[in-house]
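# Topology and contacts: notes
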Amino acid sequence: MKHRIWSLPCLAVLAGCAPSLSSSDALPLVAGQVWDVTGVAGTARTTAQVMVKGLLNPNPGVYSSSDVLGILGALNGSRDPAVTLNSSEKVLRFVWRGQDAEGAGVPYMCLVRPFDPDGTVFSGRLMVRDDVVGTCSATIR
């Protein structure tokens with residue numbers, strides 16, 4: 001597997017912004033939610049529970065459960081899993097650190113594009129770094 005730095009588009013959007021708390025028109029992302037995320041890559045399965053303790057709104061239409069450092073921490077396993085939403089582009093991203101079949105830590109992203117704000121199950125692509133490795137789904141508890 002290639003070793004390279006994550007190039008998450010959401011990091012570029014969030015970088016350098018001073019986040020503020022907001023909850024206006026961020027649906028389906030609101031403070032207090034708990035999301036169950038499942039990814040399947042071949043015969044391997046990974047899961048994450050994403051709790052939205054607070055909601056950051058660094059740019060118009062962009063919402064996140066964490067700041068940039070929290071997102072990077074979610075990928076390296078030092079912080080809780082995180083979710084970001086770009087409502088204008090209809091993109092929902094979940095990031096977490098899981099384990100592969102050999103037990104090694106793997107930075108996963110579930111990319112849901114486009115998402116339906118009225119949906120109950122959000123399906124997308126499971127990614128490791130920039131590679132699609134399977135499918136994923138997320139549901140609000």
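Residues numbered from 1 in each chain as written. Predicted model: local features only at pLDDT ≥ 70, side-chain atom pairs only at ≥ 80, totals over all residues. Heavy atoms only, no water.

Right, let's talk about the nonpolar core for a bit. Residues L29, W35, V37, L92, F94 and W96 are the most contacted members of the largest nonpolar core, which totals 23 residues. Listed by contribution, the elements that provide at least two residues to this core are β1 (34-41), β2 (44-51), β5 (82-86), β6 (91-99), β7 (105-112), β8 (121-128) and β9 (131-140). The greatest single-element share of this core, amounting to four residues, is contributed by β7. The contact partners of V37, leaving out residues within four places of it in the chain, are T46, T47, A48, V50, F94, W96, C110, S137 and A138. If you look at the next biggest cluster of nonpolar residues, it comprises nine residues, including I71, A74, L75 and V91. (Core = buried A, V, L, I, M, F, W, Y, C linked by side-chain atoms within 4.5 Å. Buried < 20%, exposed > 50% of the residue type's maximum accessible area, 1.4 Å probe, protein only. Helix = DSSP H or I, 4+ residues; strand = E, 2+ residues; numbered from the N terminus. Contact = heavy atoms within 4.5 Å.)

Pairs may arise between side chains of opposite charge once their charged atoms sit close together. Counted by the stated rule, this structure contains two salt bridges. For R141, the salt bridge goes to D36, with nearest N and O atoms at 3.1 Å. With a gap of 105 residues between them, R141 in the segment after β9 and D36 in strand β1 connect regions that are remote in the sequence. When its relative accessible area of 62% is taken as the criterion, R141 is described as exposed. (Salt bridge = Lys/Arg side-chain N within 4 Å of Asp/Glu carboxyl O.)

For the protein, the mean per-residue pLDDT works out to 83, and 80% of the residues sit at or above 70. Low pLDDT, under 50, characterises residues 1-24; the stretch is placed with 49 contacts to residues that sit more than four places away or in other chains. (pLDDT = per-residue confidence, 0-100.)

One pass over the full model with this rule turns up four aromatic pairs. An aromatic cluster of at least three residues, connected via ring pairs, comprises W35, F94, F115 and F122. (Phe/Tyr/Trp six-rings, centres within 6.5 Å; stacked < 30°, edge-to-face > 60°.)

This next bit is on unusual backbone geometry. Between R113 and P114 the backbone carries a cis peptide bond, its omega angle lying at -10 degrees. Positive phi, normally seen in glycine, also occurs at K90, with a value near 55 degrees. Secondary-structure assignment places K90 in the loop between β5 and β6. On the basis of relative accessibility, which here comes to 38%, the residue K90 falls in the partly exposed class. Even without being glycine, R129 reaches a positive phi, approximately 55 degrees. In this fold, R129 is placed in the loop between β8 and β9. A relative accessible area of 15% places R129 in the buried class.

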